[in-house]
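Residue strings, one per chain:
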There are 6 protein chains.
Amino acid sequence: MTFLTRREHFSASHRLYNPMFSDEKNFEIFGKCSNPNGHGHNYYVEVTVCGEVAADTGFLINLEILKKILKISFIDKVDHKNLNSDVEFLSNINPTSENIAIACWNQIESQIQKYCKLYSVKLFETEKNFVEFRGNVK
Amino acid sequence: MTFLTRREHFSASHRLYNPMFSDEKNFEIFGKCSNPNGHGHNYYVEVTVCGEVAADTGFLINLEILKKILKISFIDKVDHKNLNSDVEFLSNINPTSENIAIACWNQIESQIQKYCKLYSVKLFETEKNFVEFRGNVK
Amino acid sequence: MTFLTRREHFSASHRLYNPMFSDEKNFEIFGKCSNPNGHGHNYYVEVTVCGEVAADTGFLINLEILKKILKISFIDKVDHKNLNSDVEFLSNINPTSENIAIACWNQIESQIQKYCKLYSVKLFETEKNFVEFRGNVK
Amino acid sequence: MTFLTRREHFSASHRLYNPMFSDEKNFEIFGKCSNPNGHGHNYYVEVTVCGEVAADTGFLINLEILKKILKISFIDKVDHKNLNSDVEFLSNINPTSENIAIACWNQIESQIQKYCKLYSVKLFETEKNFVEFRGNVK
Amino acid sequence: MTFLTRREHFSASHRLYNPMFSDEKNFEIFGKCSNPNGHGHNYYVEVTVCGEVAADTGFLINLEILKKILKISFIDKVDHKNLNSDVEFLSNINPTSENIAIACWNQIESQIQKYCKLYSVKLFETEKNFVEFRGNVK
Amino acid sequence: MTFLTRREHFSASHRLYNPMFSDEKNFEIFGKCSNPNGHGHNYYVEVTVCGEVAADTGFLINLEILKKILKISFIDKVDHKNLNSDVEFLSNINPTSENIAIACWNQIESQIQKYCKLYSVKLFETEKNFVEFRGNVK
């Protein structure tokens, strides 16, 4: 089994809160991440696909294809954006790292499976905090 | 001459624009950085001081003092904040990396000069873009 | 399946040796790592937990809880310490990276399982050498 | 289950192309990577082994043994080399990251299995592109 | 005085040798870097400019201008190239890090001085070896 | 003016204290760094030399010479050592980062000046704390 990973970067702002919670509860759970005017991060996303290496090209997938899918369906929609208000596929979703990683998976999976299998989406909020989503068990 | 540097981190959101410019001009100059709802970064700041090493301690400055000045006068005021609306010492200042570095210098210089000389403030907006301010020529 | 990782840092000294071995055998096996007066490292530890993302918070686990468990039960007990002599839970244990990772797992697992599942403890001795422990097969 | 990883570095040049393809097809598939005079990279390789930790040494494998196998059987043969023309075990192989990782696995596996199990070979072509090979399913 | 730095990446191959030297002397001086078929690196270049911050934009120079100059006049001419044979401005120049940094300076200086002052060109051949050129004393 | 830097690594343990101070004063000044049994770090040292680039080699200094001086006169004497007890040139010196950087300068300067000028010694105790020594004003 061979795995190939592409790492990309985007900068975005967000605010963590649940509109169903009171202000007190939002602050209790999300702390300074619930600052009303938001804050932001340099996010890194690592998308890993897996499958067989083609004998004629030596590629699992042509990296240019993977880069293009990732750029069009995810990076261009979140880079230099406010994740609470500017991103259609995150509307009504609290933009925690967990939820952003899952949303990224949902944005790209169907396109990648034309070529190989999507294995994982890893999202780094900072160097010290990161999440990984490997899809739902079916 | 000996130099000592402390590196710290903060996460913040910002929007680049000049209220005196038209929307078109703001977009022309600041591009996607002028997105109305803002975006954000994991900023790193490196503060460098210089001077003589004390014979009895082997320290240029006790790092705990430098960390405390930096935390109270700068990091705590910008971390998890919106740099356009939440930071008093940046009010009416366009929060470019250049202006943030200069503002950091102004926040900490008078306190540091009780101990040694402030040499430079380096601000990393991303791994690829950073500025350094070394004070005004007098 | 979703995974969340927290990365922390500590600085410590250690000496590798087995008191049951002769000095010659200790040096043969542990080389310069068996220097009698010890040496040290900036260790990084990455703790990964896994589970379901809660619908109301968007969190797998509140990161503040994970940070607190890790700080109190592991980091505070090893940071700026001599791993051979200063750490109760490492007494009579040769402080190799393998053994430190396993000891970290044992220190934090019972507390983490109140919230989610501990998946792995990764310990970086240097950028070039690291170990990962994923628990015992039961 | 415990895992131990060693990270090493080598610098090499390569050109991606398939001699069975036309020049046009090579350029279409491999793009600028098929530049006739080649280009190059600082490659990083991470070799991960797994197994049980020995009670007397606290080691999964003595790192010196792993370093020696990796150096003699792989690094010394690719470092400061042209991967298309200078490396016997890559002759007639298109030196994509996928194929280099698989070739590294084949070079070291039989020697490592005297001590423990080879789990994975991860090859970083750049910070943004990397592949991992975990052996063939048997 | 304010400084702004942009970091860019390129991958290239090279061979160090002086055609005026014998093969023996080339090997004695350049060692494995004189391997006839070349080797390669992921190079990073950091270009630093200095000057005054404009009051209306908060910019020393618009980063988009600096990126464009750097891309057109340097990166596009060296990325995925063989530095001995594919780069006009390096013809008849031994592509050591020192000479590449100086050549980069010469490629971009006249264009940058329309906006501000070029202060330094830093070239990283690896994480462990890098050079910096700050222009000729006049 | 051209500068060339070599980055090296060593692992060592140390304890900060002044034998002329009381235990209380040592703890007040050095905090957890004065833990009696010591602690340790992965240190990185960056040595920068400057001068003219030779026309025939394209080198400021042959990197192999710089590496050899640094290895023999500094790295081999501090790597995997206790800086308080195992290093002759640090005897009776409190091993702060400032003092280690100055000691490194003194160990290598006379040998480097046969070839070019030593410009600076930068010592990283952690990623967040580092010092630089540029020699004494004469």
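Refer to the structure above for everything that follows.
Below, the structure is looked at part by part. (Residues numbered from 1 in each chain as written. Chains lettered and ligands numbered in written order. Predicted model: local features only at pLDDT ≥ 70, side-chain atom pairs only at ≥ 80, totals over all residues. Heavy atoms only, no water.)

Residue-level contacts link 19 residues of chain A with 19 residues of chain D. In total, about 1600 Å² of surface goes out of reach between chain A and chain D, with carbon and sulfur atoms giving 51% of it. Contact with chain D buries area across many residues of chain A, yet M1, F3 and F59 of chain A alone supply 29% of it, more than any other trio. Remark: the boundary between chain A and chain D carries 11 residue pairs in polar contact (both at pLDDT 80 or more). The dominant element in the side of chain A that touches chain D, judged by the number of residues it contributes, is strand β1 (residues 2-14) of chain A, at seven residues. (Contact = heavy atoms within 4.5 Å. Buried area = accessible area lost by both parts, 1.4 Å probe. Polar contact = N/O pair within 3.5 Å; in protein donor to acceptor, adjacent residues only side chain to side chain. Helix = DSSP H or I, 4+ residues; strand = E, 2+ residues; numbered from the N terminus.)

Right, let's talk about helix α2 (residues 63-78) of chain A for a bit. Over its 16 residues, α2 of chain A runs 21 Å from end to end, which matches the ideal 22 Å to within 8%, given 1.5 Å per residue. Listed in full, the buried residues belonging to α2 of chain A are L63, L66, I69, L70, S73, F74, I75 and V78 of chain A. Packed against the buried residues of α2 of chain A are β1, β2 (39-51), β3 (81-82) and α3 (97-112) of chain A together with β5 (129-133) of chain D. Note on α2 of chain A: the residue one or two positions beyond its end, H80 of chain A, has a positive phi of about 55 degrees. (Expected span 1.5 Å × (residues − 1). Buried < 20%, exposed > 50% of the residue type's maximum accessible area, 1.4 Å probe, protein only.)

What follows deals with the relation of the copies chain B and chain A. Mapping chain B onto chain A calls for a screw motion: a turn of 180 degrees about the axis and a shift of 0.0 Å along it, with 0.0 Å RMSD after fitting. Taken together, the rotation and translation describe the operation of a two-fold axis. Comparing contact sets, 100% of the residues at the interface of chain B also lie at the interface in chain A, consistent with an isologous, same-surface contact. (Least-squares fit on C-alpha atoms with pLDDT ≥ 70 in both.)

With that settled, consider the environment of L16 of chain C. By the secondary structure assignment, L16 of chain C is in the loop between β1 (2-14) and α1 (23-30). Considered as a pair, L16 of chain C and F27 of chain C are 11 residues apart in the sequence and their alpha carbons are 9.3 Å apart.

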